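Structural features, examined
Single-letter residue listing:
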Amino acid sequence: MTASTPGAPAENADPLAIPAGATLLHIGAPKTGSTALQSAASKLRPQLVENGVVYPLRGLNHQRGTSYLIGRTAEAWGGAHAKEEWWHQLRAAIAAAGDSRRLVSFEVICEADIDAVRNVRAQMEGDVHVAIVVRSFASLLPSMWQQWLKTGYAGSLDTFLENALAEAPVVSIPGSDAFHQRDGHGLVERWCEVFGAENVTVVVLPNGGPSPLFPAFESMLGLPPGLLASAPVDGQEANRGMTVPEAAFALEVNQYLEREGAARQDLRHLLWMGSYDRMLARRVPPAGEERLALPEWARDACERAGRHLIEDITSAGARVVGDVAALAEVPRTMANDALAPAPEVDTAVAVETLTGMFGAATRRLRAAAEATPAAPPPAAPRLARVASRDLARELARRARRKARRALRLGGR
């Protein structure tokens, strides 16, 4: 990666840089810094343009348009498929970028099978390069379980790992299956086969030390070093991992709510967007509080899966940033019973989760009230809807009836 003057377009001298006018398609994998990358790119759109890079449209990522290309459905859309019009909007924005480099990013694209990858290549016009970011399974899998936990999942980490590693060395993660081989291809192999190995770059995240994520994307896009890291980051975007006590508490809450029959959409809204987001953003764990890690019993299976992924990368011939050996490492484990329910819960954990849930519920009620149409005005009396001649006749009739009644009462 070469240095360049901040604020000025970088020369296309870096061997990682894609050509001007090309598109860099970032496909994931999930839980490898995708949110941080997308947040930085979305906040720095004007600065990217100044340096010859376009991050199309206005949202955080390109979920909708790219989901159509891979035939994806989503719970957020009621289980429906992505709409074709979403892809047309994204494609038009990509085309409008002219000679600028483009960054298109959504971490779930990597779930595509070989037929979907071919469709991506057929639909995306021009010069397209693919970026894949990976990390060791020993760190990825607990992070994936935690993501499920945040959305209300009530299964234990052991159950999640047993399912994910059931066919080791192939890792299968339901709902985020980046490493499947149901089409007979590995993750990197299928993208290299369709796009060409020379157009696929794999960024390997280390198990410690500085991350090469931002520098690698700055090099590929010809951006000044340090630009992506200059984007402001708030607590939620920092997306820190749960500690063991936090995860144990969340698991207890989720299991209780499951027994009570809580609706899936309510869990997603009140827990993920309420309780746990607030807890992770607001609570500062005390020094020494144990971080979530791989249980010791899963070490060997994760090492085998990592070696299998290394073989996929090297045999496919993709460009690599970082040390692929890190993918088979298990840097840290925790005791097999670490997530057993604690006899006591830190007050800050309880307060932040309850406050977050209250805030999410309040927002939902307020939104529902604002969306409810105003009640129609009461219907006008029937007399207001009759012709004036009929109205006069009706009034006279009622007056005569009242007069006769008055006379009868007076006679008594």
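Bear in mind the structure is a predicted one, so any value in this text is a computation, not a measurement.

With that settled, consider the sheet that holds strand β7 (residues 319-321). Strand order in the open sheet made by the 6 strands is β2-β3-β1-β4-β5-β7, with parallel pairing throughout. Each having just a single partner strand, β2 (53-54) and β7 make up the two edges of the open sheet.

Locating E85 in the fold gives a position in helix α4 (residues 84-95). As for E85 and R64, which are separated by 21 residues in sequence, their C-alpha atoms are 9.4 Å apart.

Let's shift gears to unusual backbone geometry. The omega torsion of the bond from G28 to A29 falls at 10 degrees, within 30 degrees of zero and hence cis. Mapped onto the secondary structure, A29 falls in the loop between β1 (23-26) and α1 (34-43). In this structure, P169 follows A168 across a cis peptide bond, with omega equal to 15 degrees. Here P169 shows up in the loop between α7 (157-164) and α8 (187-195). You will see that K31, though not glycine, has its phi angle at about 60 degrees, which is positive.

A few words on the environment of L227. Residue position: L227 is located in the loop between α9 (213-221) and α10 (235-238). For the pair formed by L227 and A41, sequence separation is 186 residues and the distance between their alpha carbons is 9.6 Å. Excluding residues within four positions of it along the chain, L227 makes contact with L44, Q47, L48, N51 and E218.

The next thing to look at is helix α13 (residues 299-316). With 18 residues, α13 should cover 26 Å at 1.5 Å per step; its first-to-last C-alpha distance of 26 Å lies within 8% of that length. Those residues of α13 lying buried are A301, C302, A305, G306, L309, I310, D312, I313 and A316. A positive phi of about 85 degrees marks G317, the residue just after α13.

Reading guide: rules and limits
Residues numbered from 1 in each chain as written. Predicted model: local features only at pLDDT ≥ 70, side-chain atom pairs only at ≥ 80, totals over all residues. Heavy atoms only, no water. Pairing = 2+ DSSP bridges. Helix = DSSP H or I, 4+ residues; strand = E, 2+ residues; numbered from the N terminus. Contact = heavy atoms within 4.5 Å. Expected span 1.5 Å × (residues − 1). Buried < 20%, exposed > 50% of the residue type's maximum accessible area, 1.4 Å probe, protein only.

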